[in-house]
Amino acid sequence: MKRHNRKPASDPQDLARLLVSRQRAGDAEGVAALYEPDAILDIGGGRLARGRDAIRGFYAKLVAAGPKFELGDQRPAIVNGDLALTSTRLANGTVTVEIARRQGDGTWLWAIDQPSILT
């Protein structure tokens, strides 16, 4: 597992790029580090991964299964104070929607992640 790309997100627009690069590198721990400790990730089928440990476990299984994420058409983040709405349209037509929060050190982490909304 590569851990060389553990740079924090200094802008909410960095999060999607970092997620894709870490997932492609097989770094589930690094992907989970992009989320707040108590974040929520929709993992499909009406199920939610709650907290960084559950999110790490989800991504570890995904990494082991082999599919690799691709960068999509990232929309400009909508920022309101310490909150940001991020979104990407993927090649298959699905859209991701996330809420990021600025941390005390100025970096950004996702608090809520809805990774696939069919359009």
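Residues numbered from 1 in each chain as written. Predicted model: local features only at pLDDT ≥ 70, side-chain atom pairs only at ≥ 80, totals over all residues. Heavy atoms only, no water.

Draft legend 1. Representation of the overall build of the chain in the model. Tallying secondary structure elements over the chain gives three helices and six strands in all. Taken from N to C terminus, the helices and strands of the chain fall in the order α-α-β-β-α-β-β-β-β. Whereas a compact globule of 119 residues would reach a radius of gyration of roughly 14 Å, the chain reaches 13 Å, a difference of no more than 12%. Along the longest, intermediate and shortest principal axes, the C-alpha atoms of the chain span 40 × 35 × 25 Å. Restricting the contact set of the chain to residue pairs at least 6 apart, pairs at least 24 apart contribute 43%. Distance between charge centroids for the chain: 5 Å, based on 17 positive and 14 negative side chains. (Helix = DSSP H or I, 4+ residues; strand = E, 2+ residues; numbered from the N terminus. Rg over C-alpha atoms; globule rule 2.2 N^0.38 Å. Contact = heavy atoms within 4.5 Å. Lys, Arg positive; Asp, Glu negative; His and termini not counted. Charge placed at Lys NZ, Arg CZ, Asp CG, Glu CD.)

Draft legend 2. View of the packing of aromatic side chains. All chains considered together, the criterion is met by four aromatic pairs. With a centroid separation of 6.4 Å and 80 degrees between ring planes, the pair formed by Y59 and F69 is classed as edge-to-face. With Y59 in helix α3 (residues 52-65) and F69 in the loop between α3 and β3 (73-80), this residue pair connects regions lying 10 residues apart in the sequence. Judged by its relative accessible area of 25%, F69 is partly exposed. Every member of this aromatic cluster is reached through a ring pair, and the members are Y35, F58, Y59, F69 and W110. (Phe/Tyr/Trp six-rings, centres within 6.5 Å; stacked < 30°, edge-to-face > 60°. Buried < 20%, exposed > 50% of the residue type's maximum accessible area, 1.4 Å probe, protein only.)

Draft legend 3. View of the pairing of β3. In this structure, β3 lies alongside strand β4 (residues 83-89), joined through six bridges in antiparallel fashion. Residue D73 lies in a different strand from β4, and its bridge partner there is R89. Where β3 hands over to β4, the hairpin turn is made up of two residues, of which G81 adopts a positive phi near 65 degrees. (Pairing = 2+ DSSP bridges.)

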